[in-house]
Amino acid sequence: MKATLGAIKPHLPWLLPTLLLLFFTWHGITEVLDHNDFTVFQYAASLTADHSDQIYIEESPDKSRPFIYAPSAAVILMPLGLMPHDVAGVLWTFLKVAAFLILVWGALRFSSRPPA
């Protein structure tokens, strides 16, 4: 039993981030496909890409909620508005996971340094 724990111990710092990565990827893709807030953002971004000034008037296609965020959010997400909803949702999920991995990498990299 000790040999097994000794073999796992060096990998423990990566275990939690790996589990979180799998959870965020699965949860993100299923949530995007279920039409959540991403639907509102993506629809507002598609209206912005079409040069429409109706982002605060029109509701999202699933009629769940209107766009109530700053217009800069629609502008920043405009490339996602040019894609089909499911493709944009999967890309958005992978971008979130990549950002998470960068944060974990930075935390692990800089945690071994003493505070300045």
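Residues numbered from 1 in each chain as written. Predicted model: local features only at pLDDT ≥ 70, side-chain atom pairs only at ≥ 80, totals over all residues. Heavy atoms only, no water.

Colleague: I would appreciate a short explanation of the nonpolar core in the present structure.
Modeller: Nonpolar side chains in soluble globular proteins generally cluster together in the buried interior. In terms of nonpolar packing, the biggest core is built from 13 residues, with Phe 41, Ala 44, Ile 55, Phe 67, Ala 74, Leu 77 and Leu 80 touching the most fellow members. Of all the secondary structure elements, the ones that give two or more residues to this core are α3 (37–49) and α4 (71–76). No other element matches α3, which puts six residues into this core. If we skip the residues at most four places from it in the chain, Ile 55 touches Ala 44, Leu 47, Thr 48, Phe 67 and Ala 74. (Core = buried A, V, L, I, M, F, W, Y, C linked by side-chain atoms within 4.5 Å. Buried < 20%, exposed > 50% of the residue type's maximum accessible area, 1.4 Å probe, protein only. Helix = DSSP H or I, 4+ residues; strand = E, 2+ residues; numbered from the N terminus. Contact = heavy atoms within 4.5 Å.)

Colleague: Would you take a moment to explain the packing of aromatic side chains for this structure?
Modeller: The relative placement of two aromatic rings is captured by the distance of their centres and the angle of their planes. As enumerated under the stated definition, the model contains four aromatic pairs in all. For the pair Phe 38 and Trp 92, a centre-to-centre distance of 6.2 Å together with 25° between the ring planes defines the contact as stacked. One end of the pair, Phe 38, is in helix α3; the other, Trp 92, is in helix α6 (residues 85–110), with 54 residues separating them in the sequence. Measuring from centroid to centroid gives 5.5 Å for Phe 67 and Tyr 69, while their planes differ by 70°, and the two rings are edge-to-face. Among the aromatic side chains, those forming a connected cluster through ring pairs are Phe 41, Phe 67 and Tyr 69. (Phe/Tyr/Trp six-rings, centres within 6.5 Å; stacked < 30°, edge-to-face > 60°.)

Colleague: Looking at this structure, how should I read unusual backbone geometry?
Modeller: Excluding glycine, residues mostly have negative phi values, and the peptide bonds linking residues are mostly trans. Although it is not a glycine, His 51 sits at a positive phi angle of roughly 60°. Along the chain, His 51 falls in the loop between α3 and α4. Residue classification places His 51 among the exposed residues on the basis of a relative accessible area of 75%.

What is shown is where atoms sit, not what they do.
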